[in-house]
Amino acid sequence: MTAPTTDPWGDRFTDDERALLAPFVTDMDAPIFGLRNLPEVVKGALFSRYSRTDKSLRRILLDEFIQAPESGFAAIVGGAAATGVEQLVAVRQAEAFYERVLVGYGDDSVAELGGAHVACESISNIAAKALEDSRLGISPLEKSTRYVVFNRKLDGRYRYAREPQIMASRHAERYQAALDGLFDAYSALLEPTIAAVRARTPRDAGTSERAYNSATRAKACDVLRGLLPMATLTNVGLFGNGRAFEYLLTRLYASPLAELPALAADMQIALDALIPSFVKRAASERGRAQQAYLRGMRERVAALGDRSWGMRVGSPSAPLSPNPHPASPVTLVEYDRDAEAKTVAAILYPHTDLPLEQVRALVGGLAAEERLAIIRAYVGERGSRFQRPGRAFEEPYYTFDILADLGAYRDLQRHRILTQDRQRYTIQHGYVTPPELEDAGLAQTYVQALERAAEAVETIGVDLPEPAQYAVPMAFRVRWRIKLNLRAAYHMAELRSAPQGHPSYRRIAQAIYERIRAVHPALAEGMRFVDMADYELERLDAERRLDAKLSRASTSEG
Ligand SMILES: Cc1cc2nc3c(=O)[nH]c(=O)nc-3n(C[C@H](O)[C@H](O)[C@H](O)COP(=O)(O)OP(=O)(O)OC[C@H]3O[C@@H](n4cnc5c(N)ncnc54)[C@H](O)[C@@H]3O)c2cc1C
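Attention here is on the structure that accompanies the text. (Residues numbered from 1 in each chain as written. Predicted model: local features only at pLDDT ≥ 70, side-chain atom pairs only at ≥ 80, totals over all residues. Heavy atoms only, no water.)

## Here's the deal with the sheet that holds strand β4 (residues 138–142)
We count it as follows: Only strands that DSSP links by at least two bridges are regarded as paired with each other. For helices the rule is a DSSP run of H or I covering at least 4 residues; for strands it is a run of E covering at least 2, with both sets numbered from the N terminus onward. For every element, the axis is a line fit to its C-alpha atoms; helices are fit only across the contacting stretch, and the angle between N-to-C directions ranges from 0 to 180 degrees.
One open sheet holds the 3 strands; their spatial order is β3-β7-β4, and the pairing between them is antiparallel. Edge positions in the sheet fall to β3 (115–124) and β4, since each of these pairs with one other strand and no more. Mean inter-strand twist for the sheet, computed between neighbouring axes without regard to direction, equals 20 degrees. Inspection of the sheet shows β4 paired to strand β7 (residues 233–241) by 5 bridges, in the antiparallel sense. Bridging from a neighbouring strand, Ser-139 pairs with Phe-239 of β7.

## Description of the site of the ligand
Our working definition: Throughout, the term near means that a residue has one or more heavy atoms lying within 4 Å of the molecule or strand in question. By the criterion applied in these results, polar contacts are pairs of N or O atoms within 3.5 Å in which, for protein atoms, one can donate a hydrogen and the other can accept it, and in which residues neighboring in sequence qualify only through two side-chain atoms. Using a 1.4 Å probe, the Shrake-Rupley method yields the accessible areas, and only the shown protein chains count as cover for residues.
Inspection of the region around the ligand gives 13 residues, with Glu-142, Arg-414, His-415, Arg-416 and His-491 positioned closest. Residue Arg-416 places a side-chain N or O atom 2.6 Å away from an oxygen atom belonging to the ligand. When the ligand sits alone it has 940 Å² of accessible area, and the protein chains cover 62% of it. Mapped onto the shell around the ligand, the elements with two or more residues apiece are β4 and α21 (486–496).

## Comments concerning the packing of helix α2 (residues 40–49) against helix α3 (residues 57–66)
Worth spelling out the cut-off: Less than a right angle of anticlockwise turn of the near helix away from the far helix marks a crossing as left-handed, whereas a clockwise turn marks it as right-handed. We call two residues in contact whenever any of their non-hydrogen atoms come within 4.5 Å of each other. Under this grouping Gly is polar, as are all residues other than the nonpolar Ala, Val, Leu, Ile, Met, Phe, Trp, Tyr, Cys and Pro and the charged Asp, Glu, Lys and Arg.
Between α2 and α3, whose axes approach to 10 Å, the crossing angle comes to 115 degrees. In this structure, α2 meets α3 at a crossing whose hand is right-handed. Across from Val-42, Ala-45, Leu-46, Phe-47 and Arg-49 in α2, the residues of α3 making contact are Leu-57, Ile-60, Leu-61, Glu-64 and Phe-65. In terms of residue class, the contact of α2 with α3 is made up of 8 nonpolar, no polar and 2 charged.

## Looking at the nonpolar core
Test applied: What makes a nonpolar core is a set of buried Ala, Val, Leu, Ile, Met, Phe, Trp, Tyr and Cys residues whose side-chain atoms join them at distances within 4.5 Å. When accessible area is computed with a 1.4 Å probe and restricted to protein chains, residues below 20% of their type maximum are described as buried, those above 50% as exposed, and intermediate ones as partly exposed.
With 146 residues, the main nonpolar core has Phe-65, Leu-131, Leu-227, Phe-245, Met-267 and Phe-400 as its most contacted residues. The element best represented in this core is helix α9 (residues 172–200), accounting for 10 residues. Ignoring any residue separated from it by four or fewer positions in sequence, one finds Phe-400 in contact with Val-330, Thr-331, Leu-332, Val-333, Trp-480, Arg-481, Ile-482, Leu-484, Ile-512, Arg-515 and Ile-516. Membership of the second largest hydrophobic core comes to 5 residues, among which are Val-197, Ala-215, Leu-537 and Leu-540.

## Looking at the sheet that holds strand β8 (residues 330–335)
Pairing is antiparallel across the open sheet formed by 4 strands, whose spatial order is β8-β9-β11-β10. Each of the sheet's edge strands pairs with one partner strand only, and the pair in question is β8 and β10 (419–422). Put simply, the sheet's adjacent strands are angled 20 degrees from each other on average, direction ignored. Here β8 pairs with strand β9 (residues 397–405) via 5 bridges, running antiparallel. Paired with Val-330 across the strands is Ile-402, a residue of β9. Sheet contacts for α21: β9 and β11 (477–485); angle to β11, the most-contacted strand, approximately 130 degrees. Sheet strands touched by helix α22 (residues 503–519): β8, β9 and β11. Its angle to β9, the strand with the most contacts, is close to 150 degrees.

## Considerations on a nonpolar patch on the surface
For the record, the criterion: Only residues whose relative accessible area exceeds 30% and that form no salt bridge enter a patch; like-charged residues are grouped when within 9 Å of one another, and nonpolar side chains (Val, Leu, Ile, Met, Phe, Trp, Tyr) when within 5 Å. Throughout this description, the term salt bridge denotes a Lys or Arg side-chain nitrogen within 4 Å of a carboxyl oxygen of Asp or Glu.
A contiguous nonpolar surface patch, about 270 Å² in accessible area, is contributed by Phe-47, Tyr-50 and Leu-113. Along the polypeptide, Phe-47 turns up in helix α2. According to the relative accessible area criterion, Phe-47 is partly exposed, its value standing at 37%.

## So, the packing of aromatic side chains
For the record, the criterion: In summary, the pairing rule links any two rings of Phe, Tyr or Trp, Trp by its six-membered ring, whose centres are within 6.5 Å, and it sorts them by plane angle into stacked for under 30 degrees, edge-to-face for over 60 and tilted for everything else. Counted as over-ring charges are cases with an Arg CZ or a Lys NZ within 6 Å of the ring centre that also lie within 35 degrees of the ring normal.
The tally for this structure, following the rule as stated, stands at 10 aromatic pairs. Between Tyr-160 and Tyr-175, the aromatic rings sit 6.2 Å apart at their centres with planes inclined by 80 degrees, giving edge-to-face as the arrangement. Placement of the pair is Tyr-160 in the loop between β6 (157–158) and α8 (164–167) and Tyr-175 in helix α9, with a sequence separation of 15 residues. Using a relative accessible area of 0% as the deciding quantity, one classes Tyr-175 as buried. Centre to centre, the rings of Tyr-160 and Phe-183 are 5.7 Å apart; their planes meet at 20 degrees, and the pair counts as stacked. Placement of Tyr-160 in the loop between β6 and α8 and of Phe-183 in helix α9 is noted, with a sequence separation of 23 residues between them. Each member of the pair Tyr-160 and Phe-183 is classed as buried. Joined through ring pairs, the aromatic side chains of Tyr-158, Tyr-160, Tyr-175 and Phe-183 make up one cluster. Note that Arg-58 overlies the ring of Phe-33, its terminal NZ or CZ placed 3.8 Å from the centroid.

As structure tokens, this is what we get:
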């Protein structure tokens, strides 16, 4: 037997111990190493021990897990036999052990130490948005309405949610007729729209057929997605940590829409098979109290009803006025008039030893050109949109009120480093008709299907205001507010104005930039990658770049 080796903490491991540990760490000796081949709960519990011990992680793993019978380690991890169900049973059997270790850490954040991938298939767009409303700790990816067509039938039926309350009501037939009408229109218009797009923007010699076909098809999908109702079924994959999942489940359980608590229950089953210790509280007594609190908050305000001081709280359908939408979808409601001085102070702050108030007072005495010079020095020469200014640009906040089509909302809602909150999905703000359809003489079919859906929303909404939202097509406008700081605005305006984006959110990104530039020109000066141009075929350049990448890849393979 060779002499025991020493890890950086002075721990000495015998050859036998090294053999036990080696499958679970990427390196036996280096101070920086990764964990592998361990279930999430073991990794989480292991890390949580860091905070309460002087031992090295390898030592904890060996002494407190591998060689501690109560951890159930052998059964959970031990060899090829312990997979799937057996592993789950073993984790369950050792639950008290893991509970003790995790709870012993003393803070809820320990549930962030384990993660899971969860696939949610055949859920409505309402549910997809509810999932994607998560911010910290959840990373979603959803089937695209641009690259996938949505008119496929299963067993002769279009793929949309048959909302249970509506299906049990006298509105079932009307609901299905309206939604079938939307999908029929989508199907009928797909090929003519692709043809119209191709006629409008013929392929040039420098563009491959692949790139052209892909870009024109994506454009047709962009144009037609307004027909898709919020009931449209889609797939969303989520990667997240236990704590974020627990909160997400709690929110879903508290929803008044039947699909969402049911989805939460299904997700709980999937998560229980992966990270049970981390999500169990969502359905525990504490979780139920939290659900009741969220529900109560919503219901208390909704119950104010007619006493809502002239503001409507309720119906998803009642029209407000014939033309309620302003010229621009974006209104800047609030900004900080002292933002520039505060930002300059925040830029200088890390470079002084003075208290913030004093830095601000000193900045107050600077001339405008001196402030501008400081802002310019901070922003520097940005080489691309990825080179973004730092935290000083989190000083100014902007509140925007947006009224735009649901399709644009769906996309922009995905930005997590800001506050967004929407009103109901409704028909009361009217809908948008893509100019491409009007120019091609195809608007009539589109408009008829939308109008029929609007009638259905209105009628169903009288009895079932919440479920009626499922029938609202994405062409209809929704109102939502965005509160964001300047740093997030740089990211959002530059990313979402990129040429390959959907025109409706590109317009919003451009308007956000213009509004900020109008009130804070010095702070917006560095937003150099906002693309203000209009494009006929938004995805064409991206497809050409993809061609170049594909050709480089095939050259290097060959
Ligand atoms: C051209 C285009 C095509 C797209 N296609 C699809 C699609 O087919 N399907 C789909 O589901 N979505 C799609 N999206 C949406 C995309 O996946 C993002 O959800 C969306 O762009 C939000 O971007 P973000 O994460 O950079 O922004 P934010 O959420 O605003 O985050 C800002 C920045 O914070 C950091 N950040 C935020 N959260 C995390 C985190 N959890 N971990 C690490 N860093 C984080 C990142 O640096 C990020 O850029 C598309 C977006 C674009 C622009």
